[in-house]
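# Summary of structural features
Here are the chains, one letter per residue:
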Amino acid sequence: MSGTDWEGFAFQGIGTDWEISTPLPLTAALRESLLDRIERFDAAWSRFRADSLVAAMARAPGRYRFPDEAAALGPLYSTLYGLTGGAMTPLIGGSLERLGYDPAYSLRPAGPPLPAPAWESVLSWSGTSLTASEPVVLDIGAAGKGLLVDLLAAELEGAGAGSFIIDASGDLLVRGPDPVSVALEHPYNPAQAIGVVELAGRALCASAANRRAWGDGLHHVLDGTTGQPVRTAVATWALADTAVLADALATALFFVPAGTLEDEFEFSWLTVFSDGSAAYSAAFEGTLFA
């Protein structure tokens, strides 16, 4: 995606592949700072490690103090929880674990689908303070990777980097004067593209049912009201000024018509449905192949 003369810094973080591309190599100190930022994020928000704050909430109710990024994440989730009628919820973790997407990656359902608990009955989220009235399995996967992209972008900008590309396994943020051509992966064939986007100064995030799928029709995009995988949409893309917003809206597009979200947020979008049809916003910056 970047020019051939750009330098790439590739690493693993929160269970996926990352690459940060810059015109000049990142200093060793900045690389270490970025990796430390990822570790601190993971230590708070991961439900796959026993020493995280999320794991502590799953063991015992109580009041937990999360990092500063929680203050903006809570209202975003709360708004989308309301717009989707509870389908998109940060309390989906228990539902995912029931179907086998658990910390041990058993990928074997432990029982029938389990609806997520009602947010208003078990969780109070005020700024960076989260209070659970019973053990709950928090999962911010619908927006978490985008949030971390933005946090790393802030680290880069704070260090004086004016141009960079952050690629978090398909969640992209581009900063700088020149647009970057990004292929839109075919939801059923990763070797093919269904279109291309010229991305400049914004974030592009995708969500696809085939990305984390297992068993018979099981995948990671669950409806919180039923605990079952969504069946209508198979892939979505959202473009917004921040990666956390693009990431969250790419998931929300699985649950509600885009118009419901456009009334609240400024973004552009593309959705591919299970019947092979596609819909996209009038302002969508991409070009779809025939």
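Read on for an overview of the structure. (Residues numbered from 1 in each chain as written. Predicted model: local features only at pLDDT ≥ 70, side-chain atom pairs only at ≥ 80, totals over all residues. Heavy atoms only, no water.)

### Here we look at helix H6 (residues 144-158)
With 15 residues, H6 should cover 21 Å at 1.5 Å per step; its first-to-last C-alpha distance of 21 Å lies within 8% of that length. In terms of burial, H6 is a largely internal element, 11 of the 15 residues being buried. Of all the positions in H6, only Gly144, Lys145, Gly146, Leu147, Leu148, Val149, Asp150, Leu151, Leu152, Ala153 and Leu156 are classed as buried. Just past H6, the residue Gly160 takes up positive phi, approximately 95°. (Helix = DSSP H or I, 4+ residues; strand = E, 2+ residues; numbered from the N terminus. Expected span 1.5 Å × (residues − 1). Buried < 20%, exposed > 50% of the residue type's maximum accessible area, 1.4 Å probe, protein only.)

### Here we look at the sheet that holds strand E15 (residues 278-280)
Note: strands within a sheet are paired through backbone hydrogen bonds, in either parallel or antiparallel orientation. Here eight strands make up an open sheet; going across it, the order is E1-E2-E6-E7-E10-E13-E14-E15 and the pairing antiparallel. A strand with exactly one partner marks an edge of an open sheet, and here the two such strands are strand E1 (7-13) and E15. Within this sheet the neighbouring strands show an average axis-to-axis angle of 10°, counted without direction. Strand direction decides the pairing type here: strand E2 (residues 16-22) and strand E6 (residues 164-168), joined by three bridges, are antiparallel. What sits directly across from Ile20, in E6, is Ile166. Against the sheet, H6 engages E1, E2, E6 and strand E7 (171-175), with an angle of about 155° to E6. Most of the contacts of helix H7 (residues 243-252) go to strand E10 (residues 203-208), to which it runs at about 25°, and overall it touches E7, E10 and strand E13 (233-240). (Pairing = 2+ DSSP bridges. Axes fitted to C-alpha atoms, helices over the stretch in contact; angles between N-to-C directions. Contact = heavy atoms within 4.5 Å.)

### Looking at the sheet that holds strand E3 (residues 62-65)
Sheet architecture is open: three strands sit in the order E3-E5-E4, paired in antiparallel fashion. If you trace the sheet from one side to the other, it starts and ends with E3 and strand E4 (123-126), each paired once. Direction aside, the axes of adjacent strands within the sheet are offset by 15° on average. Two strands pair when backbone bridges link them, and E4 and strand E5 (residues 129-132) are joined in this way by four bridges, in the antiparallel orientation. Bridging from a neighbouring strand, Leu123 pairs with Ala132 of E5.

Remember that the coordinates give geometry; whether it matters functionally is a separate question.
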